[in-house]
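Breakdown of the fold
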Amino acid sequence: MDRWKQYGGLAGLFAVCLAAGLWGFRSTGGALPWAKRSAQALQRGARAGGGALVDLGRGIVVAGPIRKGGLVLEFVGVVAALALLGIGLYAYASRYRGLDDSERAARQP
Amino acid sequence: MAHIHLGEGSFPLWALALWTTIGVALVGAVVYRIRKGGIRTNQIALAGIGAAASFAIFQLNIPVWGGIHMNLTGLVGILAGPLLGALIALVVNIFSAALGHGAVGLLGANTLVNASEAIVAYYAFRTLLRMDWDIFPAGASAATLGLSAGAILMGAIIVISGVNGSALPRGDLTIAVAGLVGLNLGVAVIEGILTGFVVQFLASVRPDLVGLVDHTTGEESTGVTA
């Protein structure tokens, strides 16, 4: 397919989604964290608000329930355990595949 | 980032029973399909890594659109497939709920939402590749479409269920939920671009991970460019 059609389709999809996002941002209170926005919108309905779309000063923070509950260590532990499991299985799968390939090669005349 | 962040007791009991039953049915069907069709070891490995990445990013609030988190469920669906993608959604939601991010009672509903993102992203990606799309636009579009589907499903679940303690008439609740869904569509663009770059990078270094090369033979498929 022509590249301009692909990127045109992607741009159209992004334009629709961004327009919806901007409307949703303004109609549900403006620059509010998601949990506060969600609770406010569902309890009191849609209320217009403004504010910056990007607030770099706020930084990237761990989700409130984890941070306030003192569960950051547990969060890091779960991530590390899942990552180790995945990497371990990946190494095992690569080795297993290597053995399988060598067996297959050995069987060939 | 579609995810129902309401606390325990926010949905009426019948709604909890309904979404939990549908969620259990989905997971049951997925497990049955996996047991019947089998699964490659490397897919399980990818699922583990995908679950770790999705869980980690689930808990990180980024300062865009007022403060949101990403899911990476579109990426997970594209890499691990629809079956393992649905199971990853379940695992990520269980761990999240255990840490207080999302209610335990909403596990069924949240699993449905996130599994739908992975499933739609996977099939959209495959369809676009069959239509001879390049990797980046296919990955970005598929992830955006998947996340949009999840956001709409999330909105539908909330509107159908109603929210305990909310005095809003159903019409006003629908408008408020539509705003939340709209915001999720905006977030889907950010996640779609990120997914597009990740998938394009993986396709250039390990095309077998995105299904462009047969994992066992190493033969490259034709008609697809990175």
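Residues numbered from 1 in each chain as written. Chains lettered and ligands numbered in written order. Predicted model: local features only at pLDDT ≥ 70, side-chain atom pairs only at ≥ 80, totals over all residues.

**Some remarks on the overall build of chain B**
If you tally the helices and strands in chain B, you get six helices and one strand. For chain B, the α and β elements follow one another from N to C terminus as α-α-β-α-α-α-α. By the compact-globule yardstick of 17 Å for 226 residues, chain B fits well, its C-alpha radius of gyration being 18 Å. Here the C-alpha coordinates of chain B stretch approximately 60 × 35 × 30 Å along the principal axes. Counting only contacts in chain B whose residues sit at least 6 apart along the sequence, the fraction spanning at least 24 positions is 74%. (Helix = DSSP H or I, 4+ residues; strand = E, 2+ residues; numbered from the N terminus. Rg over C-alpha atoms; globule rule 2.2 N^0.38 Å. Contact = placed C-beta atoms within 7 Å.)

**Quick notes on the environment of V72(A)**
Residue and element names in this part refer to chain A. Looking at where V72 falls in the secondary structure, it is placed in helix α4 (residues 72–107). For the pair V72 and V62, spaced ten residues apart in sequence, the C-alpha separation works out to 7.8 Å. With sequence-adjacent residues up to four places away left out, V72 is seen in contact with V62, I66 and R67.

**Focus: the nonpolar core**
Nonpolar side chains in soluble globular proteins tend to be buried together. Judged by nonpolar contacts, the single largest core of 102 residues is most densely connected at I78(B), I88(B), A118(B), A121(B), F125(B), A142(B) and M154(B). A per-element tally of this core places helix α6 (residues 170–205) of chain B first, with 15 residues. When residues are assigned to domains, this core turns out to be shared by domain 1 (1–55) and domain 2 (61–109) of chain A, each giving three or more. Discounting chain neighbours no more than four positions away, the residues touching A121(B) are G74(B), G77(B), I78(B), A142(B), A143(B), L145(B) and G146(B). (Core = buried A, V, L, I, M, F, W, Y, C linked by C-beta atoms within 7 Å. Buried ≥ 20, exposed ≤ 12 C-beta atoms within 10 Å, placed from the backbone. Domains from an automatic or database assignment.)

**Quick word on the confidence of the model for chain A**
Summing up the model confidence of chain A, the mean pLDDT is 82 and the portion of residues at 70 or higher is 87%. At the level of individual helices and strands, chain A shows its lowest average pLDDT in α4(A), which scores 75, and its highest in helix α1 (residues 3–27) of chain A, which scores 94. (pLDDT = per-residue confidence, 0-100.)

**Some details on the packing of helix α1 (residues 13–37) of chain B against helix α3 (residues 73–98) of chain B**
All names here are of chain B. Their axes nearest at 9 Å, the elements α1 and α3 cross at an angle of 135 degrees. Considering their axes alone, α1 and α3 lie oblique with respect to each other. At the point where α1 passes α3, the crossing takes the left-handed sense. Only L83, A86, L87 and L90 of α3 make contact with α1, whose side of the interface consists of L26, V27, V30, R33 and I34. For the contact of α1 with α3, the per-class residue count stands at eight nonpolar, no polar and one charged. (Axes fitted to C-alpha atoms, helices over the stretch in contact; angles between N-to-C directions. Parallel < 35°, antiparallel > 145°, perpendicular 65-115°, else oblique. Left-handed = near helix turned anticlockwise from the far one by under 90°. Nonpolar A, V, L, I, M, F, W, Y, C, P; charged D, E, K, R; others polar.)

**A closer look at the interface of chain B and chain A**
Facing 52 residues of chain B, the contacting portion of chain A comprises 60 residues. For the side of chain B that touches chain A, the secondary-structure elements that each account for two or more residues are α2 (41–58), β1 (60–61), α5 (135–161) and α6 of chain B. Looking at the side of chain B that touches chain A element by element, the count peaks at 14 residues for α6(B). Each residue belonging to the side of chain B that touches chain A can be placed in one class, and the counts come to 31 nonpolar, 18 polar and three charged. With two bridges connecting them, strand β1 (residues 61–62) of chain A and β1(B) associate as antiparallel partners. What sits directly across from V61(A), in β1(B), is N61(B). (Pairing = 2+ DSSP bridges.)

**Here we look at helix α4 (residues 107–130) of chain B**
Residues and elements named next belong to chain B. For α4, with 24 residues, the first-to-last C-alpha span of 34 Å sits near the 34 Å given by 1.5 Å per residue. In terms of burial, α4 is largely enclosed, as 20 of its 24 residues are buried. Remark: D132 follows α4 within two positions and exhibits a positive phi of approximately 70 degrees. (Expected span 1.5 Å × (residues − 1).)

**Some details on the packing of α1(B) against α4(B)**
Residue and element names in this part refer to chain B. Contact geometry of α1 with α4 gives a least axis separation of 7 Å together with a crossing angle of 50 degrees. Our classification of the angle between α1 and α4 gives oblique. At the point where α1 passes α4, the crossing takes the left-handed sense. Within the contact between the two elements, α1 uses W19, T20, I22, G23, V24, L26 and V27 and α4 uses L107, G108, A109, T111, L112 and A115.

**Focus: helix α2 (residues 34–44) of chain A**
Within α2(A) the residues assigned to the buried category are W34(A), R37(A), S38(A), A41(A) and L42(A). Down the axis of α2(A), the sector holding all buried residues measures 110 degrees, keeping them to one side. At its buried positions, α2(A) is contacted by α6 of chain B. (Arc of directions from axis to C-beta.)

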